[in-house]
Structure formats: structure tokens, C-alpha cells
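Below, each chain spelled out in residue letters.
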Amino acid sequence: MYKLLFSTLIATAFFWSVRHAPEPLAPGDAVADVLLRLGDDPAAHYPDTTIEGVSVEAGRGIMLTGFATGPGGSKNGKQSKHYVCTACHNIEKEDPDLSVSDPQARLEYARENGLPFLQGTALYGAVNRTSFYNGDYEQKYGSLVEPARDDLREAIQLCATECSQGRALEPWEMESVLAYLWTIGLKMDDLILSDEEKTQINQALKGKGDAAAAIQLIKSRYLSGSPATFAAPPEDRKAGYDVDTADVENGRLVYELSCLHCHENERYSFFRLDDSKLTFQHLAKHFPRYTEYSVYQVGRYGTSPVPGSKPYMPNYTLEKLSHQQMEDLRAYIEHRAGYER
């Protein structure tokens, strides 16, 4: 009898331990969930779903169209008359290696995956970051960046009112946007990890390894914030930036995946660009000039809202468009214009 009872207890303990054993690492696991399982502190920007009207669907609508159905079934007013979030930000992964900021790798990844090449950092993985409006953005927005630097909600409001030239989000809209952003957080298979490193994380999840080291390892595989370095046009605009050789084909990618994203058929701009020779000739002759049609001028400085016209063009930081890529773009435009330097 005692032997049977002992055997039953052993079997019960075994099945309980199997059922409640820590789950092994899976490719589709959310990075944030794995970090929590390892004992990391939770993020400060989980959505407050107790607010009436909050939903993932509403957040997706606000980000992609500017509209959403809110409390009581009523439709909100459009967040911005000029832009939606995807005018400047991808909602898909846009970097092959999330631990570095490499504009050329990003351009090639955009080509391979059918993505636009944009000024803003991807919103994919935004919830995994802890720092926003980094680097030189203080030069552009001044003290407005201070509350946004370590607060995603404040960063979203800054983007809504300044970048999008729209209105501030209401509480249910803000929490809905956060709810949607959590659906496009980083996954473990987005990170570059060796088999040995995955084993290390699995051991930590089982309580048999160093959890703090595993947390540090995971966080080392993606940037906690996007660097931003502002740059000026070349000192000699006729000569351009000092690069060894300009790549016309690379310039074509920049034109098609970046310039046309906003300017084709005036999608987000009143200045229309197309594939005609006249367009390329117009752009080519303005490169050395100090005008709003100079790609050097607007690419590096952007444009500012003017009375009666709030839309503006954001500048490209060096992390989003290198000097080499700018010269590649110029080479392509001059090639299509029939002007060869």
C-alpha cells in the first residue's frame, strides 16, 4: 500500500513538474515576454485597457489612416490633416541587424522586402525601446524632447503635434496606439543569436543559468534607442560630398524607395516627383543652389511649416541617409537628366 502511495506521489510530482516546467525559448516569442520571464522590470508603457474605447483595432486605425471608432461607436476626428504615421515610419522590421544603425544595410533590406526607405525609425519594436528623440533632435525641437526622451507616451504626443502637425491624442487614442504597438513588438527570431546563446537563454529560463546575463545578452541584440546625427549640405555644393565613387544604381533605390514615397502623385507633399526627364533636369540643376528644390538643402535641413501651409519635410540624419547615399542619389538624378559630371 505504501509502495503504491509512494509511486502515485512520484508520478503526480512528475506530471506536475512537466506541466509547470518553464517553457523553452520559441522563435515567435515576444522579446518583452522573455525578458519578463527572466525577471526583468516591465516596461512603463503597457496600455491602460480600462479606459473606454481602447482597442488594438482603434490604434491600428489611428496610425494607418488617422481615424478610429471610439467610445460609444463614434468616429474620431482625423488626427492630422497632413500625415499618417506610415508617412515617415515603417511598421515592419527594417534593419537586418537590430543592434546597429546602418543606412546602407537598411536600404538593401528595404529593396529585398518591398519597404520604403524613410526618415523616421521603424515603429516595429518601438515598445522595446527605452529612449526616444535621441541625439541631435534637441536642436530641432528644443525642450520639447525632454519629457519624450524616456517616455513613449510623450514621444508619441510630440510626434502627433509637431511631426504630424496634428492634434494631441485623447487618452483612449493614446492607449489604443500603445495597444497596437505592442502587437508589433520585437520577436526573438528578429534577433541575431547563435545556438550557444539560445541555449544560454534557455538555461536561464529554466532557472539553471544566469538570468541577468541572459537579459543583458538579449538587450545587446537590439538598440534601446535610435541615434540621430544631423548633418549639413556639402561646403562646396557643386563638388558635393567627398566620396570615392557614386553608385547610380544605389541612387535609383534611394529615389524610388524614399523620394517617391512622399512625392509621387503628391502623396504627402505638394511638390510632385515622377520618372520624367523634366523632373530629373529640374532636380539636377538645383543641387548646387540654396533653394527649396535643392536635394542637398531639403535633405539635410528639411523644410519648416510656413503660414498657411503646415506640412513640412523632415530632414535625413546621417543614420537615415549617408553622405555616400546622397551622392549616389545625385548621380542617379544627373544620369536620368542627361547631365554627367
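Here the structure is a predicted model, which means the values were calculated and not measured.

A.B. asks: How do you make sense of the layout of surface pockets when you look at a structure like this?
C.D. replies: The gaps of empty space that remain are located by a probe, the size of a water molecule, rolled over the atoms. One number sums up the size of the largest pocket: a volume of about 800 Å³. Forming the walls of the largest pocket are 36 residues, and the residues nearest its centre are His263, Ser269, Phe271, Thr303 and Met313. Of all the elements in the fold, those that place two or more residues in the lining of the largest pocket are helix H10 (248-263), helix H12 (295-301) and helix H13 (323-337). Element by element, the count of residues in the lining of the largest pocket is highest for H10, at six residues. The residue makeup of the lining of the largest pocket, split by class, is 25 nonpolar, 10 polar and one charged. Estimates place the volume of the second largest pocket at around 410 Å³. Lining the second largest pocket we find 23 residues, and of these Ala43, Val127, Asn128, Arg129 and Thr130 sit closest to its centre. Every element with two or more residues in the lining of the second largest pocket is listed here: helix H2 (31-37) and helix H6 (152-163).

A.B. asks: For this particular structure, what's the right way to read the packing of aromatic side chains?
C.D. replies: Two measures describe an aromatic ring pair: the distance that separates the ring centres and the angle between the ring planes. Inspection of the entire model under this criterion finds 12 aromatic pairs. Arranged with centres 5.8 Å apart and planes meeting at 90°, the rings of tyrosine 133 and tyrosine 141 form a pair that is edge-to-face. Take tyrosine 133 and tyrosine 141: they sit in the same class, and that class is buried. Judged by centre distance (5.0 Å) and plane angle (45°), the ring pair of tyrosine 255 and phenylalanine 280 falls under tilted. A residue pair is termed long-range when its members are at least 10 positions apart, and tyrosine 255 in helix H10 and phenylalanine 280 in helix H11 (residues 277-286) qualify at 25 residues.

A.B. asks: Would you take a moment to explain the pattern of salt bridges for this structure?
C.D. replies: A side chain of one charge can pair with a side chain of the opposite charge when the charged atoms of the two come close. What the rule picks out here adds up to 13 salt bridges. For the salt bridge of arginine 252 with glutamate 249, the shortest nitrogen-to-oxygen distance reads 2.4 Å. With a gap of three residues between them, arginine 252 and glutamate 249 both fall in helix H10, about one helical turn apart. Arginine 252 sits in the partly exposed class, given a relative accessible area of 24%. Classification of glutamate 249 by relative accessible area gives partly exposed; the value is 42%. Between glutamate 334 and arginine 330 there is a salt bridge, with its nearest N and O atoms 2.9 Å apart. Residue glutamate 334 and its partner arginine 330 are located together in helix H13, separated by four residues, close to a single helical turn.

A.B. asks: Even after reading the chapter, I still don't get helix H8 (residues 195-205), so can you show me in this structure?
C.D. replies: Residue pairs three or four apart in sequence face the same way in an α-helix, which turns once every 3.6 residues. Burial in H8 covers these residues: Glu197, Ile201, Asn202, Ala204 and Leu205. Axial view of H8: buried residues confined to an arc of 160°, hence all on one face. Exposed side chains of H8 directed beyond 90 degrees from the buried face belong to Asp195 and Glu196. Contacts made by the buried residues of H8 are with H2 and helix H9 (211-219). Downstream of H8 by one or two residues, glycine 207 has phi in the positive range, about 80°.

A.B. asks: Before we go on, may I ask you to explain the side chain of asparagine 315 in this structure?
C.D. replies: Tracing the chain through its elements places asparagine 315 in the loop between H12 and H13. Looking at asparagine 315, the relative accessible area reads 3%, which means it is buried. A distance of 3.4 Å separates polar atoms of two side chains, one belonging to asparagine 315 and the other to lysine 140. Sequence-distant contacts of asparagine 315, that is, excluding residues within four places in its chain, are made with Gln119, Lys140, Phe230, Val298, Gly299, Arg300, Tyr301 and Gly302.

A.B. asks: I tried to follow the nonpolar core on my own but got confused; where do I start?
C.D. replies: Grouped burial of nonpolar side chains is what soluble globular proteins tend to show. By size, the foremost hydrophobic cluster in this structure holds 52 residues, and its most contacted members are Leu38, Tyr133, Leu181, Met188, Ile201 and Ile218. Looking at this core, the elements with two or more residues in it are H2, helix H3 (56-65), helix H5 (137-141), H6, helix H7 (171-181), H8 and H9. The contact partners of tyrosine 133, leaving out residues within four places of it in the chain, are Tyr141, Val145, Ala148, Arg149, Ala155, Leu158, Cys159 and Cys163. Listed in part, the 28 residues of the second largest apolar core include Leu107, Leu283, Val295 and Met313.

A.B. asks: Sorry, what's going on with empty space enclosed by the protein here?
C.D. replies: For the coordinates displayed, the defined rule picks out two cavities of 30 Å³ or more. Of the volumes computed, that of the largest cavity is approximately 780 Å³. Elements with a contribution of two residues or more to the lining of the largest cavity: H3, H5, H6 and H7. For the lining of the largest cavity, the leading source of residues is H6, giving six residues. Counted by class, the lining of the largest cavity contains 26 nonpolar, 11 polar and three charged residues. There is about 240 Å³ of room inside the second largest cavity. Lining the second largest cavity we find 20 residues, and of these Asp95, Leu98, Thr121, Arg129 and Ser226 sit closest to its centre. Its residues assigned to classes, the lining of the second largest cavity shows eight nonpolar, five polar and seven charged.

A.B. asks: Got a minute to help me understand the side chain of aspartate 95 in this structure?
C.D. replies: Assignment of secondary structure puts aspartate 95 in the loop between H3 and helix H4 (103-113). Judged by relative accessible area, which is 12%, aspartate 95 ranks as buried. In this structure the side chain of aspartate 95 is engaged in a polar contact, spanning 3.0 Å, whose partner is the side chain of arginine 106. Aspartate 95 has contacts with Val100, Arg106 and Tyr109, leaving out every residue within four places of it along the chain.

About the cut-offs
Residues numbered from 1 in each chain as written. Predicted model: local features only at pLDDT ≥ 70, side-chain atom pairs only at ≥ 80, totals over all residues. Heavy atoms only, no water. 1 Å grid on protein atoms, 1.4 Å probe; cavity = no way out; pocket = protein on both sides within 12 Å on 5 of 7 lines; lining within 4 Å. Points joined across faces, edges and corners; volume = space filled by probe spheres on them. Helix = DSSP H or I, 4+ residues; strand = E, 2+ residues; numbered from the N terminus. Nonpolar A, V, L, I, M, F, W, Y, C, P; charged D, E, K, R; others polar. Phe/Tyr/Trp six-rings, centres within 6.5 Å; stacked < 30°, edge-to-face > 60°. Buried < 20%, exposed > 50% of the residue type's maximum accessible area, 1.4 Å probe, protein only. Salt bridge = Lys/Arg side-chain N within 4 Å of Asp/Glu carboxyl O. Arc of directions from axis to C-beta. Contact = heavy atoms within 4.5 Å. Polar contact = N/O pair within 3.5 Å; in protein donor to acceptor, adjacent residues only side chain to side chain. Core = buried A, V, L, I, M, F, W, Y, C linked by side-chain atoms within 4.5 Å.

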